[in-house]
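Single-letter residue listing:
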Amino acid sequence: MGIWILIGVVAVVVLYVIVVYNGLIRSRNQVDNAWSQIDVQLKRRIDLIPNLIETVKGYAAHEKSTLEAVINARNAAIAAPGTPAGQAAADNILTGALKNLFALSEAYPDLKANQNFLALQEELTATEGRVAYSRQFYNDSVLSYNNKRQAFPAVIFASILKFENKEYFETDEASREVPKVQF
Amino acid sequence: MFELIRSNKRRSVALIASFVVILGMVGAAFGLYIGNGLVGTIVALVFSGGMAFASYWKADKIALAVSRAYPADPVQYQRLHNLVEGLCIASGLPKPAVYLVDDPAPNAFATGRDPKHAAIAVTTGLLEKLNRVELEGVLAHELSHIRNYDILISTLAVTLVGAVALLTNIAVRMMWWNGGRVNRDGDRDGGNPLAIVGLVLLIFAPIIAKAMQATISRKRETLADVSACQMTRYPPGLISALEKLRDDGTVTHAASTATAHMWIEQPMAGVGDGGHLSRWNKMFDTHPPLSERIALLREL
């Protein structure tokens, strides 16, 4: 009799561990997938920039410093390290450079009326939104994964089974500051 | 938030279960009149089961066809497609099919049976009258319906309400022609108390079913508003979109009573005039008044 109770308890514990383990695996895969989504969106943005530069050059070739800033920021973003923090830093610089470029376009009515430019602008705005959304989804996934990992009793065997805590994506201090407007 | 979604799922199961009970009771009452309660119950359940099955596979196509929706061209409607894709990334959903409806009234709906087989339709009026942020709020609301499986529940609810209505209709008509079962010697068989209970049930079942559907639909609208803000992390977008919908008097012509519950704003005329409705009407409304929805979002 006693032996059966013991076997039953062991079976329940093993089943429980299997269920929690599978849940952790699913969660961790979602985090990894969310992370690669960010890369996909960043790559898409980087690919759009040469086209944009060409279009703007046709109307405002003499705005060298702004154009070069975008090109440099793009190259820096391509070379950026694969950690959340390193990637964020390079990406914030690129976002800033693009903002300047679009602000510049206000001074060129012909450029602003160009269909190609408008399509690119829409595409870049949308991609920027997608980058933000993919980061949001990544953070949501990390939150749910870390919650699962740190909750009792999963926390007991999570580190034994090599489930590490995941790092959140955080923006740097500079982009958190409210931009100053000068007149 | 996730607690809300979970309780919503529990409520949906309860809704479907009580519909089945009502249907069974209607069937039994129906059977009483034709002389065999059990046969009636079985007929009702099989009948509504068949309807539910058919609607599971075909309801989205029917809904799109009834509203005369056509696929939105990804090049011409670049912004619309981009916004839907962005929100899908934010929520981890596959991208649904995007449809357009030629209608000057700003409105939108979602349909399908699960996130993998879903569609979002917006009116051309919505694209014209809302800016990017507002449009994103509305699309997030529709995507929330998809993510919370509201599209499936509302489709099933409509089908089951339809089944109840149809069965009671048939029963009432039969009674009319049959005079409530007249005996061979001409005496009316009025002494059966079960028959009276059955009659009362037949009269009230469609009303109860409709009110239940409306209750669940209102809860889901509010929930979708809240989860839309969780998706965009920007409540002002949806708030200002709902305000525009409130201030816009155009009636959505592409909507019919059958599809009224699906749209983001209740499309029927005479509803939501300042949000003052009699309690009776309020019971059958599929949407909470826009002013209430806006007030709730302001609290976020």
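Note: the structure precedes this text.
Residues numbered from 1 in each chain as written. Chains lettered and ligands numbered in written order. Predicted model: local features only at pLDDT ≥ 70, side-chain atom pairs only at ≥ 80, totals over all residues.

### Re the overall build of chain A
Okay, step 1: The helix and strand inventory of chain A stands at seven helices and zero strands.
Okay, step 2: Sequence-ordered secondary structure for chain A, helices as α and strands as β, is α-α-α-α-α-α-α.
Okay, step 3: Relative to a compact globule of 183 residues, whose C-alpha radius of gyration would be 16 Å, chain A shows 24 Å and is clearly more extended.
Okay, step 4: Taking the principal axes of its C-alpha atoms as reference, chain A extends roughly 90 × 30 × 25 Å.
Okay, step 5: By the burial criterion, 22% of the 183 residues in chain A qualify as buried. (Helix = DSSP H or I, 4+ residues; strand = E, 2+ residues; numbered from the N terminus. Rg over C-alpha atoms; globule rule 2.2 N^0.38 Å. Buried ≥ 20, exposed ≤ 12 C-beta atoms within 10 Å, placed from the backbone.)

### Comments concerning the pairing of strand 4 (residues 117–123) of chain B
Residue and element names in this part refer to chain B.
Okay, step 1: The element strand 4 is largely enclosed, with a buried count of six among its seven residues.
Okay, step 2: One ladder, built from five bridges, connects strand 2 (residues 97–101) with strand 4; its direction is parallel. By the bridge assignment for strand 4, Val 98 is matched with Ile 120.
Okay, step 3: Taken together, the six bridges between strand 3 (residues 108–114) and strand 4 define a ladder with antiparallel strand orientation. Bridge pairing links Asp 114 to His 117 in strand 4.
Okay, step 4: Counted along the chain from strand 3 to the antiparallel partner strand 4, the turn is two residues long. (Pairing = 2+ DSSP bridges.)

### Brief notes about the packing of helix 8 (residues 235–247) of chain B against helix 10 (residues 290–298) of chain B
All names here are of chain B.
Okay, step 1: The contact between helix 8 and helix 10 brings their axes to 10 Å, and the two run at 165°. By the criterion of interaxial angle, the relationship of helix 8 to helix 10 is roughly antiparallel. Handedness of the crossing formed by helix 8 with helix 10: left-handed. Here helix 8 contributes Pro 235, Leu 238, Ile 239, Leu 242, Glu 243, Leu 245 and Arg 246 to the contact with helix 10, which in turn contributes Leu 290, Ser 291, Arg 293, Ile 294, Leu 297 and Arg 298.
Okay, step 2: Across the contact of helix 8 with helix 10, the residue classes tally to eight nonpolar, one polar and four charged. (Axes fitted to C-alpha atoms, helices over the stretch in contact; angles between N-to-C directions. Parallel < 35°, antiparallel > 145°, perpendicular 65-115°, else oblique. Left-handed = near helix turned anticlockwise from the far one by under 90°. Contact = placed C-beta atoms within 7 Å. Nonpolar A, V, L, I, M, F, W, Y, C, P; charged D, E, K, R; others polar.)

### Here we look at the nonpolar core
Okay, step 1: Counting 95 residues, the largest nonpolar core has Val26(B), Leu87(B), Ala121(B) and Val164(B) as the members making the most contacts within it.
Okay, step 2: What Val164(B) contacts, discounting residues up to four positions off in sequence, is Ile22(B), Leu23(B), Val26(B), Ala205(B), Pro206(B) and Ala209(B). (Core = buried A, V, L, I, M, F, W, Y, C linked by C-beta atoms within 7 Å.)

### A few points about the interface of chain A and chain B
Interface extent is often summarised as the accessible area lost during association of the parts.
Okay, step 1: Contacts between chain A and chain B engage 10 residues on the former and 10 residues on the latter.
Okay, step 2: Among the elements that make up the side of chain A that touches chain B, the one with the highest residue count is helix 5 (residues 115–150) of chain A (nine residues).
Okay, step 3: Here the side of chain A that touches chain B is composed, by residue class, of four nonpolar, four polar and two charged.

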